[in-house]
Amino acid sequence: MENKWFTISVYSENNVGLLNRISGIFLKRHINIESLNVSKSEIDDVSKFTIVAHTTEKWVHNIVGQIEKQIEVIKAYYHTDDETIYQESALFKIASGLLFDERQIQNIIKDNNAQIVTVSRDFFVIAKSGRRNEIDEMHDQLKPYGIMQFVRSGRISVTKDEMKISAILKEF
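Residues numbered from 1 in each chain as written. Predicted model: local features only at pLDDT ≥ 70, side-chain atom pairs only at ≥ 80, totals over all residues. Heavy atoms only, no water.

Looking at an unreviewed UniProt entry, the protein carries the name Acetolactate synthase small subunit, with the source organism given as Maribacter caenipelagi. The heading Subunit (unreviewed entry) in the UniProt record of the protein holds the text "Dimer of large and small chains." Listed under Catalytic activity (unreviewed entry) in UniProt, the entry text for the protein is "2 pyruvate + H(+) = (2S)-2-acetolactate + CO2". (UniProt positions renumbered as here; feature names shortened; annotations may be inferred.)

Here you go:
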């Protein structure tokens, strides 16, 4: 089996220590968590973990099984990139002088459908949302001009097909 990108969705009660136990499941198998996001879900009092890993389907199946054994976990799913709609966000901090001195910076912002979110005397900040490769591409374009700071969010994702989590919760 070949390695592929998988998005794991974990619905759980919001309890202290669960994130540590989930990361331990990956650690034991020497699989890196490439991206992690935790937020409230579409269901009241239920949190959603969105975890991205690059591994085989066999390993991700085993990981999801181990995650579901955690008491606070209601249900966990895994999906390929083709089965989800996903985005990441990034912020780039760049020296202000470049915004006016380098016309190419403005072209990069426009061509990448990015936005300037703040401008100060010393720096300006660009926000970009999109797929990981789009953000990486913009990073590569801005790098020669000097990136003062860069940060990227974890993946946020929804499935193309209906998630059965609401029906499962109605049974309880």
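Structure's up, so let's keep going.
**Thoughts on the pairing of strand 5 (residues 84-95)**
Inspection of the sheet shows strand 5 paired to strand 9 (residues 156-159) by 4 bridges, in the antiparallel sense. The residue of strand 9 that forms the bridge with I85 is V158. As paired elements, strand 5 and strand 8 (residues 147-152) share 5 bridges and run antiparallel to each other. Bridge assignment links L91 to a residue of strand 8, and that residue is V151. (Pairing = 2+ DSSP bridges. Helix = DSSP H or I, 4+ residues; strand = E, 2+ residues; numbered from the N terminus.)

**A short note on the layout of surface pockets**
Size it by volume and the largest pocket reaches roughly 190 Å³. Lining the largest pocket are 14 residues, and of these Y11, E42, K48, S157 and V158 lie nearest its centre. Those elements that provide at least two residues to the lining of the largest pocket are strand 1 (4-12), strand 2 (33-40), strand 3 (47-55) and strand 9. For the lining of the largest pocket, the class distribution of residues is 4 nonpolar, 7 polar and 3 charged. (1 Å grid on protein atoms, 1.4 Å probe; cavity = no way out; pocket = protein on both sides within 12 Å on 5 of 7 lines; lining within 4 Å. Points joined across faces, edges and corners; volume = space filled by probe spheres on them. Nonpolar A, V, L, I, M, F, W, Y, C, P; charged D, E, K, R; others polar.)

**Structural notes on the packing of helix 1 (residues 18-28) against helix 2 (residues 57-68)**
At their nearest, the axes of helix 1 and helix 2 sit 10 Å apart, and the two run at 150 degrees to each other. With respect to each other, helix 1 and helix 2 are oriented roughly antiparallel. For helix 1 against helix 2, the interelement crossing comes out right-handed. For the pair helix 1 and helix 2, the contacting residues are I22, I25 and F26 in the first and I63, Q66 and I67 in the second. (Axes fitted to C-alpha atoms, helices over the stretch in contact; angles between N-to-C directions. Parallel < 35°, antiparallel > 145°, perpendicular 65-115°, else oblique. Left-handed = near helix turned anticlockwise from the far one by under 90°. Contact = heavy atoms within 4.5 Å.)

**What to know about the UniProt feature "domain: ACT" (unreviewed entry) in the protein**
As recorded in UniProt, the feature "domain: ACT" (unreviewed entry) lies at residues 7-87. Summarising residues 7-87: 28% helix, 43% strand, and an end-to-end C-alpha distance of 12 Å.

**With respect to the pattern of salt bridges**
For the structure on display, the rule yields 6 salt bridges. Between E88 and R132 there is a salt bridge whose closest N-O contact spans 3.4 Å. Remark: R132 occurs in helix 5 (residues 132-142) and E88 occurs in strand 5; sequence separation between them is 44 residues. (Salt bridge = Lys/Arg side-chain N within 4 Å of Asp/Glu carboxyl O.)

**Examining the packing of aromatic side chains**
Per the counting criterion, the structure on display carries 3 aromatic pairs. Between Y11 and Y77, the aromatic rings sit 6.4 Å apart at their centres with planes inclined by 85 degrees, giving edge-to-face as the arrangement. With Y11 in strand 1 and Y77 in strand 4 (residues 73-80), the pair connects residues that are 66 residues apart, well separated along the chain. Since its relative accessible area comes to 2%, Y11 is described here as buried. According to the relative accessible area criterion, Y77 is buried, its value standing at 14%. (Phe/Tyr/Trp six-rings, centres within 6.5 Å; stacked < 30°, edge-to-face > 60°. Buried < 20%, exposed > 50% of the residue type's maximum accessible area, 1.4 Å probe, protein only.)

**Some thoughts on unusual backbone geometry**
The backbone of H30 sits at a positive phi, close to 55 degrees, despite the residue not being glycine. Although it is not a glycine, N113 adopts a positive phi angle of roughly 50 degrees. Position of N113 relative to the elements: it lies in the loop between helix 4 (103-111) and strand 6 (115-119). Exposure remark for N113: the relative accessible area of 66% places this residue in the exposed category.

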